[in-house]
Amino acid sequence: MVIRRFSSSLYRQSALYFGPQIRARMSTSVDQIFAKLDSTQVALMEEICILINENDQVIGSETKKNTHLLENINKGMLHRAFSAFLFNSEGKLLLQQRATEKITFPDHWTNTCCSHPLHFAEELDERDAIGVKRAAQRKLDQELGIEPGQIPLDAFHYITRIHYLAPNVPYDGVFGEHEIDYILFIQRDVTFKANPNEAKDARYVNEEELRSLLTRLPCRSAVCRPRRRRRRRP
């Protein structure tokens, strides 16, 4: 599979963009910041994510906390992620509004589920993106109560990967995203019950309703949050 290469100036540009703000906020330690945050979400920041290079090759592992620190992102730290889009038989897309307790992008409307495969054998498996699909199945259950039996692995369709870089919103000078993100589509009729520590709301929308939502809530949508998006990958 051919992977497009990106300019080495990516990290130099990100350092110029984020660097001054980070240095201005580092007088408050990350531990001090975590002490004020939701304990469940803080515990989840100890999950072990998959470190990769720009070719999406595994090079190691690191905590979710460390992979999302702008200080590390400016040094080039990159991890693997996924974004799942679940449609029902009517073609409506299931959206979720991230919980206020979330450390990154709280209260933002986003697609069905965005998260990370973890650094263990089942989710490191790269055959037909099966490891990422297992991670999506796991997180859809955790976040929205969609049991794995409703969303079998062979129902997920891997579409492409995108490489992006973004500071947290609202901006805090501490956290951000730097991921190669696997885009997964699935069409199933499911029942769901949002975990309130993960999602404060969830709803199906058709295309017209989605456009209306984006118009009414432009600053609380992950679709339009500030981000330096990179080219699509095969």
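Residues numbered from 1 in each chain as written. Predicted model: local features only at pLDDT ≥ 70, side-chain atom pairs only at ≥ 80, totals over all residues. Heavy atoms only, no water.

**Describing the confidence of the model for the chain**
When pLDDT is averaged along the chain, the result is 86; 81% of the residues meet or exceed 70. Segment residues 1-17 is flagged for pLDDT under 50; beyond a separation of four residues in sequence, or across chains, it makes 39 contacts in the model. Low confidence marks residues 20-27, where pLDDT is under 50. Its contacts with residues over four positions away, or in another chain, come to 12 contacts. (pLDDT = per-residue confidence, 0-100. Contact = heavy atoms within 4.5 Å.)

**Description of the packing of aromatic side chains**
Scanning all chains against the criterion turns up five aromatic pairs. With a centroid separation of 6.0 Å and an interplanar angle of 70°, the aromatic rings of F192 and Y204 are classed as edge-to-face. Here F192 is found in the loop between β8 (176-187) and β9 (199-205), whereas its partner Y204 is found in strand β9, with 12 residues between them in sequence. Every member of this aromatic cluster is reached through a ring pair, and the members are F85, F87 and F185. The ring of F34 carries the charged tip of K65 above its face, separated from the ring centre by 5.2 Å. (Phe/Tyr/Trp six-rings, centres within 6.5 Å; stacked < 30°, edge-to-face > 60°. Helix = DSSP H or I, 4+ residues; strand = E, 2+ residues; numbered from the N terminus. Lys NZ or Arg CZ within 6 Å of the ring centre and 35° of its normal.)

**Some points on the side chain of N88**
With respect to the helices and strands, N88 occurs in the loop between β3 (79-87) and β4 (93-98). Classification of N88 by relative accessible area gives buried; the value is 8%. One polar contact links the side chain of N88 to the main-chain amide nitrogen of E90, over a distance of 3.0 Å. Engagement of the side chain of N88 in a polar contact is seen with the backbone nitrogen of K92, the distance being 2.9 Å. When sequence neighbours within four positions are dropped, the list of residues in contact with N88 reads Q187, R188, D189 and Y204. (Buried < 20%, exposed > 50% of the residue type's maximum accessible area, 1.4 Å probe, protein only. Polar contact = N/O pair within 3.5 Å; in protein donor to acceptor, adjacent residues only side chain to side chain.)

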